[in-house]
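Residue-level listing of the chains:
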Amino acid sequence: MADVKIRLALSSQEDAAFILAAFDSALPFLASIGSEAQWGSVPFSAKPDVVVSMTKDVQRSGDVSAQHQGGRLPLPAGWTRIFISLSASGTRTGALCLIAEPPSYVASLLPEGHQSLFMKFLITDRRTGVEAQGAGAALIARAMQEARDCGADSLYSDCWEGNGGRLVRFYEQQGFTAGAAFRVDGKHGPGLPWQGRVLCKQVR
Ligand SMILES: CC(C)(COP(=O)(O)OP(=O)(O)OC[C@H]1O[C@@H](n2cnc3c(N)ncnc32)[C@H](O)[C@@H]1OP(=O)(O)O)[C@@H](O)C(=O)NCCC(=O)NCCS
């Protein structure tokens, strides 16, 4: 098993820039497997609103850490935690973002009174090649630990379900169960209809 270390993101420009670059690195990979429609072809780092929102998320995560708000549910609105994975040599290989409130496009699809955290994003940096091996699973394991520590009974996420549901299968292999389907037009750019699937992993 690969030696993966996980740390909290720092409220620094470097971590935000790294995460955006990791998203950018996914685009040629997605195109190569027939999944270009997942995120389109415009680099995330070239979308001003995405850069602003990522910078805010990293800042919020840093604030939560600085205040030692590991916290228990219910968590304050805006609670955000971002984890960064590192290879044995210390290279940043991936990132995962947890939030307390599910995004509006899936909120109505979750059971009433759910006690959960929501995974806003999970990404590995394709530029790091084999160094990123095991990063996705390790980040999910860290998120599960956080959910447990917060007193949550489940970890929710969502993903694109196009291209034959390949990404849904990845999450199923990681112990998630696929739930309701939904559609958000323009989620990643104008004219991109986006068909997604809610995902849930029970915290034990
Ligand atoms: C999803 C991800 C974090 C998993 O990282 P990982 O645990 O290190 O695993 P891998 O990168 O080896 O991917 C595992 C498998 O899922 C597949 N996969 C990964 N992302 C995929 C995607 N977006 N669509 C379809 N298949 C995908 C890989 O091709 C691989 O398949 P294989 O086992 O048949 O080779 C990483 O692959 C990634 O960043 N993917 C692109 C971005 C993405 O889709 N993130 C999730 C958004 S909800």
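Given the structure is predicted, the values throughout are model-derived calculations rather than measurements. (Residues numbered from 1 in each chain as written. Predicted model: local features only at pLDDT ≥ 70, side-chain atom pairs only at ≥ 80, totals over all residues.)

(A) Summary view of the site of the ligand. Close to the ligand lie 16 residues, the nearest being Gly 136, Cys 159, Arg 166, Leu 167 and Phe 170. For the shell around the ligand, the secondary structure elements donating two or more residues are α1 (13-32), β4 (116-124), α4 (135-150) and α5 (162-173). Here the shell around the ligand is composed, by residue class, of eleven nonpolar, four polar and one charged. (Near = placed C-beta within 6 Å. Helix = DSSP H or I, 4+ residues; strand = E, 2+ residues; numbered from the N terminus. Nonpolar A, V, L, I, M, F, W, Y, C, P; charged D, E, K, R; others polar.)

(B) Quick look at the nonpolar core. Within the largest apolar cluster, 51 residues are counted, with the highest numbers of intra-cluster contacts made by Ile 19, Ala 95, Leu 96, Leu 117, Leu 139, Ala 143 and Leu 155. Tallying contributions element by element places α4 first for this core, with eight residues. Setting aside chain neighbours within four positions, we find Leu 155 in contact with Ser 116, Leu 117, Met 119, Ala 143, Met 144, Ala 147, Lys 201 and Val 203. (Core = buried A, V, L, I, M, F, W, Y, C linked by C-beta atoms within 7 Å. Buried ≥ 20, exposed ≤ 12 C-beta atoms within 10 Å, placed from the backbone. Contact = placed C-beta atoms within 7 Å.)

(C) Geometry of the sheet that holds strand β7 (residues 193-202). A sheet is described by the order of its strands in space; here seven strands give the open sequence β1-β2-β3-β4-β5-β7-β6, paired in mixed fashion. Of all the strands in the sheet, the pair left with one neighbour each is β1 (5-8) and β6 (177-185). Going across the sheet, the axis of each strand differs from the next one's by a mean of 30°, ignoring polarity. Pairing of strand β3 (residues 92-99) with β4 involves six bridges; the strand directions are antiparallel. Among the inter-strand pairings, Cys 97 is bridged to a residue of β4, identified as Phe 121. With respect to the sheet, α1 is in contact with β2 (80-86), β3 and β4, its orientation differing from that of β4 by roughly 70°. (Pairing = 2+ DSSP bridges. Axes fitted to C-alpha atoms, helices over the stretch in contact; angles between N-to-C directions.)

(D) Quick peek at α1. With 20 residues, α1 should cover 28 Å at 1.5 Å per step; its first-to-last C-alpha distance of 30 Å lies within 8% of that length. Of all the positions in α1, only Asp 15, Ala 16, Phe 18, Ile 19, Leu 20, Ala 22 and Phe 23 are classed as buried. Among the structural elements, α2 (48-66), β2, β3 and β4 are those in contact with the buried residues of α1. Within two residues after α1, Gly 34 carries a phi angle of roughly 80°, on the positive side. (Expected span 1.5 Å × (residues − 1).)

(E) Quick look at the environment of Ala 152. Assignment of secondary structure puts Ala 152 in the loop between α4 and β5 (154-160). With 119 residues separating them in the primary sequence, Ala 152 and Ile 33 have C-alpha atoms 35 Å apart. Beyond its immediate sequence surroundings of up to four residues, Ala 152 is in contact with Leu 73, Gln 115, Ser 116, Leu 117, Ala 147 and Val 203.

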